[in-house]
Amino acid sequence: MNQQKNNNILFIMMDQLRWDCLSCYGQSVIETPNIDRIASKGVRFTKAYVQGSSCGNSRASYYTGRHVRSHGATWNDWPFHVAEWTLSDYLKPSGAEVVLLGKTHMKPDLDGMSRLDIDINSPVGQHVKNAGFVKGEHDDGLHPEGPLGRYSKVDPEYNKWVKKQGYQGDNAWLQWANAVVDNDGKVRSGFFMQHAHLPARIPHELSETAYMTNRAIETINSLEGKSWCLHLSYIKPHWPFVVSAPYHDRYRGIDLPPAIKSEKERENPHPIYREFMKIGVAKVFSDDAKRNHVMPAYLGLVKQLDDELGRLFKHLEEKGLDQNTSIVITADHGEYLGDHWLGEKDLFHDSAINVPLIIHDPSPAANATRGQVCDELTCAIDLIPTFMELMGQEPLYHRLEGRSLCPILHGGEFEPERDIIVCEDDYGRLPVAKALKRTPYNARMTMAFDGQYKFIHALGFDPILFDVKNDPQEFFDLGRDSGYAHIRYQMQEKLLDWSANLRNRTAVSEEMFQSSVGKSLQQGILPGFWCEESVPPHRKIPTKTGIF
């Protein structure tokens, strides 16, 4: 058995995973025993929220520990600025190797790099290029082709690996992993959801999920004797909704949970919500027959992930690494799957922004909380300060906007120093913006949630308000209800206070700040004093010139 004493973190993120698809959360129609086992050894958080409602802005907050308003990567493909610190920067003092396997959805700040004459191929350029993840294997997991060519300009290692297994073609992701063969023997794209009942053309052992698990095992073996933080970022269960046998039909024909929706939601809806309901994916998932055709494939992808994670966790145990490796399991956001007449993500219902979060700290300090459930409001941005503490570091709260969850893990008092959880959305690139005549600068929404009221400031429109305590399914928008004007005012004030407390003074550490307090008096800056006698005694230090 490996006797190394280094601390490690296995940071697992699944893309577009609903919390209620994990059986440890008590509402799943499938079993996820491997993830459940980690929850039984750690803490399961029930009210964990992301800070961005799409892939890019949410992940940018995970990787920087800061709100979207602070880092500026407001949607997919938009970079945060070149000077932003990320996970690898924060963990550097610990000496841990920070390694990525899979998706980040991050883009480099090319303008910022050009302004500073940073060569993208230089060590610094490579660091900035992918949010500080220099080591490992980056694959954002979407490699379709269209009239403008490939969506991704980088051919993934996965494609090359599949080809070595004897599956010919230039794009295994498109031709094999995310394609099916219909009843007429024709190869069809997995993007078309009518084919969700058919298996992927590739066997489970060669799927993207199995491949990335293989890479995780190989990487962990290569890091023997070192301290590490491995960010294992699976692309699934994100669409295309196609999965290999036997997972493709494992849940076909079972009783599926009905979509969380009400006809009342479509009666005089908020303008932004109304336009989101018109998007194509919303129309598909609003049709119960189509939803129920697609959902078994989504569940199959989740089950496949749990099985593969079981293989990975077994490897950790065989290597003795389960004794010193913290495991964190979460998602970048959820998936509507027809809830509220919607598909995908982008708005602020719990289906989209309340994510699974499970943390297992194997140290004796966490023995008292094993298997516990935490209902505290927590955030994606709480993870970096948590990681820093797990690695024996002090969180840099002059930059970080979350709070360490270690007090919860270790049975102490959690003092988040916040009244609300904030999540943001930029819908400027969606057809919603064009329909509402919004510009790239004002197609913005900001949600504030205090545990009861979910208030959404929609720039240029009336706000949206849900009383989640009394309306847990979020069916009734109170944003235009005169009886709730005082609640809306209170939530606006909380949102204003939040915006004033963002960490904009990032170049000044707490130590630097404290050491500067009162320093100017000792350097002879004496504004407002009438005479020498009014100066405090401990400030009366003669200068070299003899002048007091």
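Residues numbered from 1 in each chain as written. Predicted model: local features only at pLDDT ≥ 70, side-chain atom pairs only at ≥ 80, totals over all residues. Heavy atoms only, no water.

Colleague: Which residues make up the sheet that holds strand β16 (residues 453-458), and what values do they have?
Modeller: A sheet is described by the order of its strands in space; here 4 strands give the open sequence β14-β15-β16-β17, paired in antiparallel fashion. Two strands lie at the open edges of the sheet, namely β14 (421-426) and β17 (464-467), each paired on one side alone. Ignoring strand direction, the axes of neighbouring strands in this sheet form an average angle of 15°. Where β16 and β17 come together, 4 bridges link them in antiparallel fashion. Each bridged residue has a counterpart across the sheet, and for Lys454 the counterpart in β17 is Phe466. Along the sheet, helix α17 (residues 485-500) contacts β14, β15 (444-449), β16 and β17; its crossing angle with β16, the most-contacted strand, is approximately 70°. (Pairing = 2+ DSSP bridges. Helix = DSSP H or I, 4+ residues; strand = E, 2+ residues; numbered from the N terminus. Axes fitted to C-alpha atoms, helices over the stretch in contact; angles between N-to-C directions. Contact = heavy atoms within 4.5 Å.)

Colleague: Report on the packing of helix α9 (residues 208-222) against helix α12 (residues 288-318), specifying residues and quantitative values.
Modeller: In contact at an axis separation of 10 Å, α9 and α12 are set at 15° when each is read in the N-to-C sense. Here α9 lies roughly parallel to α12, going by the angle between them. Our pair here, α9 against α12, has a crossing hand that is right-handed. Contact with α9, carried on its side by Thr209, Ala210, Thr213, Asn214, Ala216, Ile217, Ile220 and Asn221, involves Gln304, Leu305, Glu308, Arg311, Leu312, His315 and Leu316 of α12 and no other residues of that element. Of the residues assigned to the contact of α9 with α12, the class counts are 7 nonpolar, 6 polar and 2 charged. (Parallel < 35°, antiparallel > 145°, perpendicular 65-115°, else oblique. Left-handed = near helix turned anticlockwise from the far one by under 90°. Nonpolar A, V, L, I, M, F, W, Y, C, P; charged D, E, K, R; others polar.)

Colleague: Would you mind going over the pattern of salt bridges in detail, with residue names and values included?
Modeller: In this structure the tally under the stated criterion is 33 salt bridges. Here Glu137 makes a salt bridge to Arg215, at a shortest N to O gap of 2.7 Å. Placement of the pair is Glu137 in strand β4 (residues 135-138) and Arg215 in helix α9, with a sequence separation of 78 residues. The salt bridge partner of Lys454 is Glu474, with a shortest N-O separation of 2.8 Å. Of this pair, Lys454 sits in strand β16 while Glu474 is found in the loop between β17 and α17, placing the two residues 20 residues apart along the sequence. (Salt bridge = Lys/Arg side-chain N within 4 Å of Asp/Glu carboxyl O.)

Colleague: If you had to explain the side chain of Glu97 to someone new, which residues and values would you point to?
Modeller: Within the fold, Glu97 resides in strand β3 (residues 97-102). Not counting residues up to four positions away in its chain, the partners in contact with Glu97 are Lys135, Leu223, Lys226, Ser227, Trp228 and Cys229.

Colleague: Could you give me a rundown of the packing of aromatic side chains, with the residues and numbers involved?
Modeller: Under the defined criterion, the tally for this structure stands at 15 aromatic pairs. Each ring, one from Trp173 and one from Phe191, has its centre 6.2 Å from the other, and the planes form 55°; the classification is tilted. With Trp173 in helix α8 (residues 172-177) and Phe191 in the loop between β8 (187-189) and α9, the pair connects residues that are 18 residues apart, well separated along the chain. Judged by its relative accessible area of 1%, Trp173 falls in the buried class. Between Arg266 and the ring centre of Trp341, over which it is positioned, the NZ or CZ distance is 3.6 Å. (Phe/Tyr/Trp six-rings, centres within 6.5 Å; stacked < 30°, edge-to-face > 60°. Buried < 20%, exposed > 50% of the residue type's maximum accessible area, 1.4 Å probe, protein only. Lys NZ or Arg CZ within 6 Å of the ring centre and 35° of its normal.)

Colleague: Describe the nonpolar core, naming the residues involved and giving the relevant values.
Modeller: Membership of the largest hydrophobic core comes to 131 residues, with the highest contact counts inside it found for Leu10, Phe11, Ile12, Phe45 and Tyr427. Sort the elements by how many residues they give to this core and α12 lands first, with 12 residues. In contact with Leu10, not counting residues within four places along its chain, are Trp228, Leu230, Leu232, Leu312, Phe313, Leu316, Thr325, Ser326, Ile327 and Val328. Listed in part, the 12 residues of the second largest apolar core include Val422, Phe455, Leu478 and Met491. (Core = buried A, V, L, I, M, F, W, Y, C linked by side-chain atoms within 4.5 Å.)

Colleague: Tell me about the environment of Ile202, and please be specific about residues and values.
Modeller: Along the chain, the position of Ile202 falls in the loop between β8 and α9. Distance in space between the C-alpha atoms of Ile202 and Phe414 is 47 Å, their sequence separation being 212 residues. Each residue touching Ile202, except ones within four places of it in the same chain, is listed here: Tyr158, Val162, Tyr167, Trp176, Ala177, Ser207 and Ser244.

Colleague: Any chance you could break down the confidence of the model for the protein chain for me, citing the residues and the numbers?
Modeller: Reading fine detail from the predicted coordinates is not recommended where pLDDT is low. Chain-level pLDDT for the protein chain is 94 on average; 97% of the residues reach the 70-or-more range. Taken together, the stretch residues 1-5 has pLDDT below 50 and engages in 11 contacts with residues farther than four places along the chain or on a different chain. (pLDDT = per-residue confidence, 0-100.)

Colleague: Help me get a handle on helix α7 (residues 157-164), residues and values and all.
Modeller: In an α-helix there are 3.6 residues to a turn, and that puts residues three or four apart on one side. Residues of α7 that are buried: Tyr158, Asn159 and Val162. All buried residues of α7 fall inside an arc of 100° around its axis, so they share one side. Of the surrounding secondary structure, the elements contacted by the buried residues of α7 are β4, β6 (149-150), α8 and α9. Following α7 by one or two positions, Gly166 has its phi on the positive side, about 100°. (Arc of directions from axis to C-beta.)

Colleague: Quick rundown of the packing of α7 against α9? Include the residues and the values.
Modeller: Where α7 contacts α9, the axes come no closer than 11 Å and their chain directions differ by 100°. For the element pair α7 / α9, the angle class is roughly perpendicular. Contacts between α7 and α9 pair Glu157, Tyr158 and Trp161 from the former with Glu208, Tyr211 and Asn214 from the latter. Residues that form the contact of α7 with α9 fall into these classes: 3 nonpolar, 1 polar and 2 charged.

Colleague: Give a description of the pairing of β17 that names residues and reports values.
Modeller: Side chains Ile464 and Phe466 of β17 all project onto a buried face; the interleaved residues Leu465 and Asp467 project onto the opposite face, where all are buried too. Between β16 and the antiparallel strand that follows it, β17, lie 5 residues; Gly460 among them carries a positive phi value of about 90°.

Colleague: Can you tell me about α12, naming the residues and giving the values?
Modeller: Spanning 31 residues, α12 covers 45 Å between terminal C-alpha atoms, matching the ideal 45 Å at 1.5 Å per step. A maximum bend of about 25° is found in α12 at Val294, where proline Pro296 lies one to four positions downstream. A side-chain oxygen of the first residue of α12 lies 3.0 Å from the backbone nitrogen of Ala289; this N-cap is Asp287. (Expected span 1.5 Å × (residues − 1). Bend = angle between axes of the 7 residues up to and from the residue. Polar contact = N/O pair within 3.5 Å; in protein donor to acceptor, adjacent residues only side chain to side chain.)

Colleague: Tell me what's going on with unusual backbone geometry, and back it up with residues and numbers.
Modeller: Each neighbour pair has its own omega, and for Trp239 with Pro240 the value is 5°, a cis peptide bond. Here Pro240 lies in the loop between β9 (228-234) and α10 (271-276). For the bond running from Ala245 to Pro246, omega is 5°, close enough to zero to count as cis. Positive phi is not limited to glycine here, since Ala131 has a value of about 55°. Tracing the sequence through the fold places Ala131 in the loop between α6 (123-129) and β4. What makes Ala131 buried here is its relative accessible area of 3%. Backbone geometry at Glu344 places phi at a positive 70°, although glycine is not the residue there. Following the sequence through the fold, Glu344 ends up in the loop between β10 (325-331) and α13 (350-353). With a relative accessible area of 17%, Glu344 lands in the buried category.

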